[in-house]
Amino acid sequence: MSDKNTNQKVAIVTGSAVGLGNAIATRLAKDGFSVVLHDINEENLNKAKAEFDKAGYRYIGVVGDASKRDDQFNLVKQAVEAFGRVDVFVNNAGVESVEPFLEIEEKEIDRVLDINVKGVIFGTQAAAEQMQKQHEQDNNSVGKIINACSIAGHESYEMLSLYSASKHAVRSFTHSTAKELAKHNIRVNAYCPGVADTPMWERIDQAFVEHKGYKPKQAWNEFTQNILVGRPQEPNDVANLVAFLASDDANYITGQTMVTDGGMVFR
């Protein structure tokens with residue numbers, strides 16, 4: 001369901017067929033955005049599209065690989081062709097890596113950095129190019145680029161060395177691009193989730209079982225037992241923060257990497 005409506009803001013969310021990305025895309029649609037759903041997995045994307053159809057949201061779905069520059073620029077092109085503009089670009093797509101650092105192979109380094117770092121760089125380039133054009137046409141236009149960081153971008157965790165390194169890179173990239181893009185009225189921020197009950201954390205828990213001899217759910221319990229608010233994170237907790245950063249209420253915020261973890265990491 002798509003049609004150009006210059007009065008309705010447009011948001012792209014990469015990796016939005018499932019998990020946190022889907023929660024973010026759904027929240028932005030509820031808030032009135034036209035949404036571009038995106039995923040590398042066409043089957044999952046079709047399921048997400050069916051849910052958006054059922055809810056009557058304005059959206060399009062685009063299959064693409066966030067780690068490929070051409071795919072990211074095509075994603076923005078598809079959004080502009082469908083809705084005329086891009087106001088918010090959420091670099092959500094990401095992957096985890098959980099293993100002792102001595103066992104990390106080059107192909108794993110490439111996989112994680114391609115998606116978690118290159119994907120954010122390419123997505124930001126594609127979004128910024130379009131948002132600059134919009135700012136040239138309308139000085140009051142405010143673009144929002146919102147990156148997926150993590151508490152692992154603030155702390156560095158055992159068994160998560162490669163993942164932590166990739167998220168530290170996202171945090172630094174967020175700071176640098178916020179400085180470069182401010183003159184174009186583009187805000188760049190990041191959200192840093194904690195421990196959420198998602199398929200990603202099921203894989204993390206399993207890796208601790210395989211590599212450290214943990215019992216099933218032992219890693220999950222260790223990471224969640226001291227969360228101050230008394231419960232693990234839910235996808236909507238993250239979506240709430242992203243919705244705020246995407247809103248006009250956050251127009252004075254840029255260059256920030258905000259933690260949303262229920263009280264685990266303090267910055």
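Residues numbered from 1 in each chain as written. Predicted model: local features only at pLDDT ≥ 70, side-chain atom pairs only at ≥ 80, totals over all residues. Heavy atoms only, no water.

As recorded in an unreviewed UniProt entry, the protein chain goes by the name diacetyl reductase [(S)-acetoin forming], listed as coming from Moraxella macacae 0408225. The record in UniProt for the protein chain states the following under Catalytic activity (unreviewed entry): "(S)-acetoin + NAD(+) = diacetyl + NADH + H(+)". The heading Sequence similarities (unreviewed entry) in the UniProt record of the protein chain holds the text "Belongs to the short-chain dehydrogenases/reductases (SDR) family." (UniProt positions renumbered as here; feature names shortened; annotations may be inferred.)

What follows is about unusual backbone geometry. Phi is positive for Asn185, which is not a glycine, with a value near 65°. For Asn185, a relative accessible area of 17% corresponds to the buried category. With a phi angle near 75°, Lys217 is a residue other than glycine that sits in the positive phi range. Its place among the elements puts Lys217 in the loop between helix H6 (199-212) and helix H7 (218-224). Residue classification places Lys217 among the partly exposed positions, given a relative accessible area of 43%. (Buried < 20%, exposed > 50% of the residue type's maximum accessible area, 1.4 Å probe, protein only. Helix = DSSP H or I, 4+ residues; strand = E, 2+ residues; numbered from the N terminus.)

Within soluble globular proteins, side chains that are nonpolar generally end up buried alongside one another. Core analysis: the biggest nonpolar cluster contains 32 residues, and Leu28 and Tyr191 have the highest contact counts within it. Among the elements of the structure, strand S1 (10-13), helix H1 (19-30), strand S2 (34-39), helix H2 (42-55), strand S4 (88-91), strand S5 (143-148) and helix H8 (235-246) are those that each provide at least two residues to this core. It is H8 that contributes the most residues to this core, seven residues altogether. Within the second largest apolar cluster, 22 residues are counted, among which are Val62, Leu75, Phe83 and Leu181. (Core = buried A, V, L, I, M, F, W, Y, C linked by side-chain atoms within 4.5 Å.)

Per the counting criterion, the structure on display carries two cavities of 30 Å³ or more. Roughly 40 Å³ of volume is contained in the largest cavity. As for the largest cavity, its lining consists of Lys9, Asp87, Val88, Val142, Lys144, Ala246, Asp248 and Asn251. Forming the boundary of the second largest cavity are Thr14, Ala66, Gln72, Asn91, Asn92, Ala93, Ile115, Gly119 and Val120. It is helix H4 (residues 106-137) that provides the largest number of residues to the lining of the second largest cavity, a total of three residues. (1 Å grid on protein atoms, 1.4 Å probe; cavity = no way out; pocket = protein on both sides within 12 Å on 5 of 7 lines; lining within 4 Å. Points joined across faces, edges and corners; volume = space filled by probe spheres on them.)

Packing of H1 against H8 brings their axes to within 8 Å, and their N-to-C directions diverge by 50°. Relative to H8, H1 is oriented oblique. In the packing of H1 onto H8, the handedness of the crossing is right-handed. Residues Leu20, Ala23, Ile24, Arg27 and Leu28 of H1 form the contact with H8, whose own contacting residues are Pro235, Asn236, Val238, Ala239, Asn240, Val242, Ala243 and Ala246. The class makeup of the residues in the contact of H1 with H8 is 10 nonpolar, two polar and one charged. (Axes fitted to C-alpha atoms, helices over the stretch in contact; angles between N-to-C directions. Parallel < 35°, antiparallel > 145°, perpendicular 65-115°, else oblique. Left-handed = near helix turned anticlockwise from the far one by under 90°. Contact = heavy atoms within 4.5 Å. Nonpolar A, V, L, I, M, F, W, Y, C, P; charged D, E, K, R; others polar.)

Strand pairing in a sheet relies on backbone hydrogen bonds. The paired strands run either parallel or antiparallel. Spatially, seven strands are ordered S3-S2-S1-S4-S5-S6-S7 in an open sheet, and the strand pairing comes out parallel. Only two strands of the sheet have a single neighbouring strand rather than two, namely strand S3 (59-63) and strand S7 (257-260). Within the sheet, the average angular offset between the axes of one strand and its neighbour, ignoring direction, is 20°. Against the sheet, H1 engages S1, S2, S4 and strand S6 (186-193), with an angle of about 175° to S1. In this fold helix H5 (residues 161-181) packs onto S5, S6 and S7, with an angle of close to 160° to the strand it touches most, S6. (Pairing = 2+ DSSP bridges.)

A water-sized probe rolled over the atoms picks out the places where empty space is left. Space inside the largest pocket adds up to approximately 920 Å³. For the largest pocket, the lining is made up of 42 residues, of which Asn92, Gly94, Val95, Met200 and Arg203 are closest to its centre. Here the element with the most residues in the lining of the largest pocket is H6; it accounts for five residues. Grouping the constituent residues of the lining of the largest pocket by class yields 23 nonpolar, 14 polar and five charged.

Here the UniProt-annotated "binding site: NAD(+)" (unreviewed entry) positions come out as Asp39, Asn92, Tyr163, Lys167, Pro193, Gly194, Val195, Ala196, Asp197 and Thr198. Set against the second largest cavity, the annotated residues that line it come down to Asn92. Inspection of the secondary structure puts Asp39 in strand S2. Discounting residues that sit within four places of it in the chain, Asp39 has contacts with Gly15, Ser16, Ala17, Val18, Leu45, Val62, Val63 and Gly64. Within polar-contact distance, the side chain of Asp39 engages the backbone nitrogen of Ala17 at 3.3 Å. Within the element layout of this structure, Tyr163 appears in helix H5. For Tyr163, the residues in contact, after removing those within four places along its chain, are Val95, Glu96, Ser97, Asn116, Ser150, Ala152 and Met200. (Polar contact = N/O pair within 3.5 Å; in protein donor to acceptor, adjacent residues only side chain to side chain.)

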